[in-house]
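Residue-level structural notes
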Amino acid sequence: MAHSSFWSIIVGLFIFLYAYTCSAYVELSEAALKAIPRPGKSFDIHSGELLAPILIPRVSGTEGNEKVRNFFAQYFAGQLPKWKVTYQNSTSKTPVTGERDVPFVNMIIKRDPPWASEGQTSYLTLVAHYDSKISPPGFIGATDSAAPCAMLLHVAKSIETAIESKWSRNKGDVETMKLDPDNNKGVQILLLDGEEAFQTWTATDSIYGARSLAVEWETVMHPAMSTYHNPLRSIEMFVLLDLLGAPSPRVPSYFKLTHWIYQKMARLEERMRELKLLYSSPNHKKREDEKRENEPMFFNEARKKETDQWLGGYIGDDHEPFLARGVDIFHIIASPFPRVWHLPEDNGDHLHIDTTEDWAVLMTAFTAEYMELVDFMPQKLAIRDEL
(Lines give C-alpha, C1' and ligand atoms only; values in the text may rest on other atoms or scores of the structure.)
Protein backbone atom coordinates (compact mmCIF):
# COMPACT_ATOMS: atom_id res chain seq x y z
CA MET A 1 0.00 0.00 0.00
CA ALA A 2 2.78 2.42 0.92
CA HIS A 3 4.60 1.57 -2.29
CA SER A 4 1.43 2.19 -4.32
CA SER A 5 0.82 5.50 -2.57
CA PHE A 6 4.37 6.60 -3.26
CA TRP A 7 4.02 6.04 -6.99
CA SER A 8 0.60 7.69 -6.99
CA ILE A 9 2.24 10.78 -5.56
CA ILE A 10 5.03 10.66 -8.15
CA VAL A 11 2.57 10.31 -11.03
CA GLY A 12 0.42 13.10 -9.63
CA LEU A 13 3.44 15.37 -9.33
CA PHE A 14 4.42 14.62 -12.93
CA ILE A 15 0.94 15.48 -14.17
CA PHE A 16 0.97 18.70 -12.15
CA LEU A 17 4.34 19.76 -13.52
CA TYR A 18 3.29 18.90 -17.07
CA ALA A 19 0.08 20.90 -16.73
CA TYR A 20 1.99 23.79 -15.17
CA THR A 21 4.45 23.85 -18.07
CA CYS A 22 1.61 23.94 -20.60
CA SER A 23 -0.37 26.62 -18.75
CA ALA A 24 2.68 28.88 -18.33
CA TYR A 25 2.80 29.39 -22.10
CA VAL A 26 1.21 32.80 -22.79
CA GLU A 27 0.31 33.98 -26.30
CA LEU A 28 1.66 37.20 -27.79
CA SER A 29 -0.82 40.00 -28.41
CA GLU A 30 -1.92 40.85 -31.94
CA ALA A 31 0.13 44.04 -31.77
CA ALA A 32 3.23 42.07 -30.84
CA LEU A 33 2.63 39.53 -33.62
CA LYS A 34 2.34 42.36 -36.13
CA ALA A 35 5.63 43.76 -34.86
CA ILE A 36 7.66 40.58 -35.37
CA PRO A 37 10.35 41.69 -37.84
CA ARG A 38 10.73 39.95 -41.17
CA PRO A 39 14.22 39.11 -42.42
CA GLY A 40 13.76 41.02 -45.68
CA LYS A 41 17.10 41.96 -47.25
CA SER A 42 19.04 39.91 -44.71
CA PHE A 43 17.69 36.79 -46.45
CA ASP A 44 18.76 37.88 -49.94
CA ILE A 45 20.51 34.81 -51.38
CA HIS A 46 23.30 36.90 -52.95
CA SER A 47 23.98 39.69 -50.47
CA GLY A 48 21.85 39.09 -47.36
CA GLU A 49 23.88 39.31 -44.16
CA LEU A 50 22.23 36.26 -42.57
CA LEU A 51 21.70 33.83 -45.44
CA ALA A 52 24.17 34.52 -48.25
CA PRO A 53 27.33 33.64 -46.25
CA ILE A 54 25.95 30.15 -45.51
CA LEU A 55 25.03 29.31 -49.11
CA ILE A 56 28.37 27.70 -49.95
CA PRO A 57 29.60 24.09 -49.87
CA ARG A 58 30.53 23.41 -46.22
CA VAL A 59 31.40 19.73 -45.88
CA SER A 60 32.78 18.87 -42.44
CA GLY A 61 36.54 19.28 -42.24
CA THR A 62 36.77 21.60 -45.27
CA GLU A 63 37.65 25.25 -45.69
CA GLY A 64 34.02 26.08 -46.52
CA ASN A 65 32.86 24.52 -43.25
CA GLU A 66 35.38 26.60 -41.29
CA LYS A 67 34.42 29.75 -43.20
CA VAL A 68 30.74 29.38 -42.28
CA ARG A 69 31.59 28.61 -38.68
CA ASN A 70 33.75 31.75 -38.49
CA PHE A 71 30.87 33.75 -39.95
CA PHE A 72 28.60 32.58 -37.13
CA ALA A 73 31.21 33.47 -34.52
CA GLN A 74 31.83 36.92 -35.99
CA TYR A 75 28.12 37.60 -36.29
CA PHE A 76 27.45 36.98 -32.61
CA ALA A 77 30.63 38.75 -31.48
CA GLY A 78 29.79 41.83 -33.54
CA GLN A 79 26.00 42.06 -33.28
CA LEU A 80 24.96 39.99 -30.27
CA PRO A 81 27.91 40.09 -27.86
CA LYS A 82 25.85 38.99 -24.84
CA TRP A 83 25.38 35.57 -26.44
CA LYS A 84 28.25 33.34 -25.30
CA VAL A 85 29.83 31.20 -28.02
CA THR A 86 31.67 27.97 -27.16
CA TYR A 87 32.73 24.94 -29.16
CA GLN A 88 32.65 21.16 -28.74
CA ASN A 89 35.21 19.29 -30.84
CA SER A 90 35.52 15.69 -31.92
CA THR A 91 37.09 13.64 -34.71
CA SER A 92 36.02 10.50 -36.51
CA LYS A 93 36.98 8.35 -39.42
CA THR A 94 34.43 8.12 -42.22
CA PRO A 95 33.75 5.57 -44.99
CA VAL A 96 35.30 7.86 -47.63
CA THR A 97 38.33 9.23 -45.75
CA GLY A 98 39.94 5.95 -44.73
CA GLU A 99 42.37 6.33 -41.84
CA ARG A 100 42.18 10.11 -41.89
CA ASP A 101 40.23 11.60 -38.99
CA VAL A 102 37.72 14.28 -39.93
CA PRO A 103 37.22 17.13 -37.41
CA PHE A 104 33.69 18.01 -36.34
CA VAL A 105 33.02 21.29 -34.55
CA ASN A 106 29.70 22.00 -32.83
CA MET A 107 28.85 25.56 -31.84
CA ILE A 108 26.97 26.20 -28.59
CA ILE A 109 25.58 29.75 -28.40
CA LYS A 110 23.92 30.70 -25.11
CA ARG A 111 21.93 33.64 -23.80
CA ASP A 112 21.87 33.26 -20.01
CA PRO A 113 20.03 35.32 -17.41
CA PRO A 114 22.53 37.73 -15.77
CA TRP A 115 22.16 35.97 -12.41
CA ALA A 116 22.63 32.50 -13.91
CA SER A 117 25.12 30.05 -12.44
CA GLU A 118 26.30 26.77 -13.91
CA GLY A 119 23.80 23.98 -13.46
CA GLN A 120 20.92 26.24 -12.41
CA THR A 121 19.66 27.26 -15.87
CA SER A 122 17.36 25.32 -18.19
CA TYR A 123 17.35 26.04 -21.90
CA LEU A 124 15.00 26.33 -24.79
CA THR A 125 17.40 24.73 -27.26
CA LEU A 126 17.09 25.67 -30.93
CA VAL A 127 19.05 23.41 -33.27
CA ALA A 128 20.13 23.09 -36.90
CA HIS A 129 23.11 21.49 -38.64
CA TYR A 130 25.45 23.69 -40.63
CA ASP A 131 27.47 21.14 -42.62
CA SER A 132 26.57 20.17 -46.18
CA LYS A 133 26.66 16.86 -48.03
CA ILE A 134 29.88 15.71 -49.70
CA SER A 135 28.02 14.63 -52.85
CA PRO A 136 26.94 15.69 -55.36
CA PRO A 137 30.05 17.89 -55.79
CA GLY A 138 29.39 21.53 -54.95
CA PHE A 139 26.17 20.70 -53.06
CA ILE A 140 24.84 23.77 -51.20
CA GLY A 141 22.03 22.38 -49.09
CA ALA A 142 19.90 25.53 -48.90
CA THR A 143 16.98 23.82 -47.18
CA ASP A 144 19.41 21.27 -45.70
CA SER A 145 20.21 23.28 -43.62
CA ALA A 146 21.55 26.71 -44.56
CA ALA A 147 18.12 28.37 -44.37
CA PRO A 148 17.30 26.89 -40.92
CA CYS A 149 20.64 28.23 -39.62
CA ALA A 150 19.78 31.71 -40.96
CA MET A 151 16.35 31.45 -39.32
CA LEU A 152 17.98 30.87 -35.93
CA LEU A 153 20.26 33.88 -36.39
CA HIS A 154 17.16 35.94 -37.14
CA VAL A 155 15.45 34.63 -34.00
CA ALA A 156 18.42 35.58 -31.82
CA LYS A 157 18.58 39.09 -33.23
CA SER A 158 14.82 39.61 -33.06
CA ILE A 159 14.38 38.65 -29.40
CA GLU A 160 17.53 40.29 -28.03
CA THR A 161 16.01 43.61 -27.02
CA ALA A 162 13.00 41.94 -25.39
CA ILE A 163 15.00 39.37 -23.44
CA GLU A 164 17.42 42.04 -22.23
CA SER A 165 14.49 44.21 -21.12
CA LYS A 166 12.91 41.31 -19.23
CA TRP A 167 16.09 40.41 -17.38
CA SER A 168 17.17 44.01 -16.76
CA ARG A 169 13.87 44.73 -15.02
CA ASN A 170 14.64 42.12 -12.37
CA LYS A 171 18.40 41.87 -12.15
CA GLY A 172 18.56 44.04 -9.03
CA ASP A 173 16.82 41.33 -7.02
CA VAL A 174 19.22 38.51 -7.84
CA GLU A 175 18.46 36.22 -4.90
CA THR A 176 14.70 36.30 -5.57
CA MET A 177 15.28 35.64 -9.27
CA LYS A 178 17.38 32.58 -8.52
CA LEU A 179 14.56 30.98 -6.52
CA ASP A 180 12.05 30.92 -9.38
CA PRO A 181 12.74 28.31 -12.11
CA ASP A 182 10.92 30.49 -14.65
CA ASN A 183 13.56 33.16 -14.14
CA ASN A 184 16.39 30.67 -14.65
CA LYS A 185 15.52 29.79 -18.23
CA GLY A 186 17.80 30.78 -21.09
CA VAL A 187 18.07 30.21 -24.82
CA GLN A 188 20.78 28.17 -26.45
CA ILE A 189 21.37 27.67 -30.16
CA LEU A 190 23.17 24.55 -31.27
CA LEU A 191 24.74 24.70 -34.73
CA LEU A 192 25.79 21.09 -35.23
CA ASP A 193 28.45 19.71 -37.55
CA GLY A 194 28.55 16.38 -39.35
CA GLU A 195 24.86 15.61 -39.71
CA GLU A 196 25.23 14.44 -43.28
CA ALA A 197 26.44 10.95 -44.17
CA PHE A 198 29.70 10.80 -46.11
CA GLN A 199 28.63 7.71 -48.03
CA THR A 200 25.33 6.10 -46.92
CA TRP A 201 23.22 6.99 -43.90
CA THR A 202 23.91 4.50 -41.13
CA ALA A 203 24.16 4.63 -37.35
CA THR A 204 27.90 5.30 -37.66
CA ASP A 205 27.98 7.37 -40.86
CA SER A 206 25.73 10.26 -39.89
CA ILE A 207 25.08 12.81 -37.11
CA TYR A 208 28.75 12.79 -36.06
CA GLY A 209 28.57 16.05 -34.13
CA ALA A 210 25.25 15.33 -32.43
CA ARG A 211 26.42 11.90 -31.25
CA SER A 212 29.61 13.34 -29.79
CA LEU A 213 27.85 16.24 -28.06
CA ALA A 214 25.16 14.05 -26.50
CA VAL A 215 27.75 11.69 -25.04
CA GLU A 216 29.85 14.53 -23.65
CA TRP A 217 26.88 16.38 -22.18
CA GLU A 218 25.73 13.23 -20.44
CA THR A 219 29.11 12.67 -18.77
CA VAL A 220 30.22 16.23 -17.88
CA MET A 221 28.82 17.00 -14.44
CA HIS A 222 27.64 20.36 -13.14
CA PRO A 223 28.68 21.39 -9.59
CA ALA A 224 27.23 19.45 -6.68
CA MET A 225 23.70 20.48 -5.62
CA SER A 226 22.94 21.88 -9.08
CA THR A 227 19.34 21.82 -10.26
CA TYR A 228 20.47 20.12 -13.49
CA HIS A 229 23.30 17.68 -12.90
CA ASN A 230 24.66 17.81 -16.45
CA PRO A 231 24.17 19.89 -19.64
CA LEU A 232 21.92 17.22 -21.13
CA ARG A 233 19.40 17.53 -18.28
CA SER A 234 19.37 21.32 -18.65
CA ILE A 235 17.71 21.03 -22.07
CA GLU A 236 14.06 21.86 -21.44
CA MET A 237 12.97 21.50 -25.05
CA PHE A 238 15.10 20.44 -28.03
CA VAL A 239 13.67 22.14 -31.13
CA LEU A 240 15.31 20.82 -34.31
CA LEU A 241 14.85 22.59 -37.66
CA ASP A 242 15.68 20.78 -40.89
CA LEU A 243 14.66 20.73 -44.57
CA LEU A 244 12.86 24.09 -44.42
CA GLY A 245 12.62 26.72 -47.14
CA ALA A 246 10.82 24.89 -49.94
CA PRO A 247 7.26 25.90 -50.88
CA SER A 248 4.15 24.37 -49.29
CA PRO A 249 5.78 22.45 -46.43
CA ARG A 250 3.91 20.10 -44.15
CA VAL A 251 5.32 19.30 -40.73
CA PRO A 252 3.73 16.33 -38.91
CA SER A 253 3.57 16.06 -35.15
CA TYR A 254 6.18 13.37 -34.57
CA PHE A 255 6.09 12.78 -30.81
CA LYS A 256 3.15 12.30 -28.45
CA LEU A 257 5.08 13.72 -25.51
CA THR A 258 5.64 17.08 -27.19
CA HIS A 259 2.36 17.27 -29.10
CA TRP A 260 1.27 20.01 -26.69
CA ILE A 261 4.04 22.31 -27.95
CA TYR A 262 3.23 21.37 -31.56
CA GLN A 263 -0.32 22.52 -30.85
CA LYS A 264 0.99 25.82 -29.48
CA MET A 265 2.98 26.34 -32.67
CA ALA A 266 -0.04 25.43 -34.82
CA ARG A 267 -2.16 27.92 -32.88
CA LEU A 268 0.48 30.59 -33.42
CA GLU A 269 0.58 29.87 -37.15
CA GLU A 270 -3.22 29.98 -37.32
CA ARG A 271 -3.30 33.41 -35.62
CA MET A 272 -0.60 34.81 -37.91
CA ARG A 273 -2.43 33.56 -40.98
CA GLU A 274 -5.66 35.15 -39.76
CA LEU A 275 -3.76 38.45 -39.40
CA LYS A 276 -2.27 38.03 -42.93
CA LEU A 277 1.26 38.11 -41.53
CA LEU A 278 2.58 35.13 -43.48
CA TYR A 279 3.63 36.14 -46.99
CA SER A 280 3.42 32.61 -48.41
CA SER A 281 -0.31 32.58 -47.66
CA PRO A 282 -2.64 32.78 -50.71
CA ASN A 283 -4.64 35.36 -48.73
CA HIS A 284 -1.76 37.63 -47.76
CA LYS A 285 -2.51 40.38 -50.30
CA LYS A 286 -6.26 39.95 -50.52
CA ARG A 287 -8.57 42.80 -49.56
CA GLU A 288 -11.02 42.30 -46.71
CA ASP A 289 -13.93 42.12 -49.17
CA GLU A 290 -12.31 39.37 -51.26
CA LYS A 291 -13.11 35.71 -50.66
CA ARG A 292 -10.38 33.97 -48.70
CA GLU A 293 -8.89 30.66 -49.80
CA ASN A 294 -8.20 27.78 -47.45
CA GLU A 295 -4.92 28.26 -45.63
CA PRO A 296 -2.22 25.62 -46.35
CA MET A 297 -1.04 25.10 -42.77
CA PHE A 298 2.60 24.20 -42.16
CA PHE A 299 1.56 22.53 -38.89
CA ASN A 300 -1.48 20.60 -40.07
CA GLU A 301 -1.79 17.92 -37.36
CA ALA A 302 -2.88 19.94 -34.36
CA ARG A 303 -5.94 17.73 -33.95
CA LYS A 304 -3.98 14.49 -34.14
CA LYS A 305 -5.35 11.67 -31.97
CA GLU A 306 -3.57 9.28 -29.64
CA THR A 307 -4.46 6.41 -31.96
CA ASP A 308 -2.99 8.10 -35.07
CA GLN A 309 0.46 7.27 -36.43
CA TRP A 310 3.42 9.01 -34.79
CA LEU A 311 6.58 9.05 -36.90
CA GLY A 312 9.13 10.14 -34.30
CA GLY A 313 11.22 7.01 -34.66
CA TYR A 314 11.31 6.89 -38.46
CA ILE A 315 13.27 9.96 -39.54
CA GLY A 316 16.98 9.97 -38.75
CA ASP A 317 18.31 13.36 -37.68
CA ASP A 318 20.39 15.17 -35.07
CA HIS A 319 17.79 14.65 -32.36
CA GLU A 320 18.33 10.89 -32.12
CA PRO A 321 21.14 10.69 -29.53
CA PHE A 322 19.34 13.26 -27.38
CA LEU A 323 16.01 11.45 -27.64
CA ALA A 324 17.73 8.21 -26.62
CA ARG A 325 18.87 9.98 -23.44
CA GLY A 326 15.42 11.21 -22.47
CA VAL A 327 15.41 14.74 -23.90
CA ASP A 328 12.05 16.16 -25.07
CA ILE A 329 12.13 16.67 -28.84
CA PHE A 330 10.11 19.02 -31.05
CA HIS A 331 11.17 18.06 -34.57
CA ILE A 332 10.36 20.65 -37.24
CA ILE A 333 11.18 18.87 -40.48
CA ALA A 334 9.06 18.85 -43.61
CA SER A 335 7.47 15.55 -44.63
CA PRO A 336 7.39 14.73 -47.45
CA PHE A 337 10.92 16.06 -47.90
CA PRO A 338 11.42 18.96 -50.34
CA ARG A 339 11.59 18.00 -54.01
CA VAL A 340 15.21 19.20 -54.13
CA TRP A 341 16.35 17.04 -51.21
CA HIS A 342 19.98 15.91 -51.73
CA LEU A 343 19.93 17.19 -55.32
CA PRO A 344 22.14 19.91 -56.87
CA GLU A 345 19.00 22.05 -57.09
CA ASP A 346 18.90 22.49 -53.30
CA ASN A 347 20.48 25.92 -53.64
CA GLY A 348 19.53 29.53 -53.02
CA ASP A 349 17.78 29.88 -56.36
CA HIS A 350 15.31 27.17 -55.39
CA LEU A 351 14.42 28.54 -51.97
CA HIS A 352 10.91 29.91 -51.71
CA ILE A 353 11.84 33.15 -50.02
CA ASP A 354 8.38 34.05 -48.71
CA THR A 355 8.13 30.63 -47.05
CA THR A 356 11.70 30.89 -45.74
CA GLU A 357 10.92 34.28 -44.19
CA ASP A 358 7.66 32.97 -42.77
CA TRP A 359 9.58 30.24 -40.94
CA ALA A 360 11.89 32.87 -39.43
CA VAL A 361 8.91 34.95 -38.29
CA LEU A 362 7.10 31.92 -36.84
CA MET A 363 10.20 30.76 -34.98
CA THR A 364 10.73 34.25 -33.55
CA ALA A 365 7.15 34.44 -32.30
CA PHE A 366 7.36 30.90 -30.88
CA THR A 367 10.59 31.69 -29.03
CA ALA A 368 9.13 34.92 -27.64
CA GLU A 369 6.07 33.06 -26.34
CA TYR A 370 8.07 30.16 -24.92
CA MET A 371 10.49 32.54 -23.16
CA GLU A 372 7.58 34.58 -21.75
CA LEU A 373 8.57 37.79 -23.50
CA VAL A 374 4.93 38.80 -23.94
CA ASP A 375 5.32 42.09 -22.07
CA PHE A 376 8.62 42.99 -23.69
CA MET A 377 8.26 42.49 -27.45
CA PRO A 378 7.84 45.60 -29.63
CA GLN A 379 4.26 46.67 -30.27
CA LYS A 380 4.70 48.69 -33.45
CA LEU A 381 4.06 47.49 -36.97
CA ALA A 382 7.17 45.83 -38.36
CA ILE A 383 8.54 46.63 -41.80
CA ARG A 384 9.71 43.80 -44.04
CA ASP A 385 13.26 45.17 -44.41
CA GLU A 386 13.58 46.41 -40.83
CA LEU A 387 16.50 44.12 -39.94
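Cut-offs used in this document
Residues numbered from 1 in each chain as written. Predicted model: local features only at pLDDT ≥ 70, side-chain atom pairs only at ≥ 80, totals over all residues. Heavy atoms only, no water. Phe/Tyr/Trp six-rings, centres within 6.5 Å; stacked < 30°, edge-to-face > 60°. Helix = DSSP H or I, 4+ residues; strand = E, 2+ residues; numbered from the N terminus. Buried < 20%, exposed > 50% of the residue type's maximum accessible area, 1.4 Å probe, protein only. Lys NZ or Arg CZ within 6 Å of the ring centre and 35° of its normal. Core = buried A, V, L, I, M, F, W, Y, C linked by side-chain atoms within 4.5 Å. Contact = heavy atoms within 4.5 Å.

Under an unreviewed UniProt entry, the name given to the protein is Peptide hydrolase, and the source organism is Gomphillus americanus.

A separate point is the packing of aromatic side chains. Scanning all chains against the criterion turns up 17 aromatic pairs. Ring centres 5.9 Å apart and planes at 85° place the aromatic pair phenylalanine 72 and tyrosine 130 in the edge-to-face group. On the criterion of sequence distance, the pair formed by phenylalanine 72 in helix H3 (residues 63-79) and tyrosine 130 in the loop between strand S3 (122-129) and helix H4 (142-170) is long-range, its members being 58 residues apart. A relative accessible area of 0% means that phenylalanine 72 is categorised as buried. Overall, the relative accessible area of 0% leaves tyrosine 130 in the buried class. The ring of phenylalanine 298 carries the charged tip of arginine 273 above its face, separated from the ring centre by 4.9 Å.

Moving on: the nonpolar core. If you look at the biggest cluster of nonpolar residues, it comprises 99 residues, and the most contacted ones within it are Phe72, Val239, Phe299, Phe322, Phe330, Ile332 and Phe366. It is H4 that provides the largest number of residues to this core, a total of 14 residues. Other than its neighbours up to four places away in sequence, phenylalanine 330 contacts Met237, Phe238, Val239, Leu240, Thr258, Ile261, Tyr262, Met265, Phe299 and Phe366. By size, the runner-up hydrophobic cluster in this structure holds five residues, among which are Val59, Phe104, Phe198 and Tyr208.

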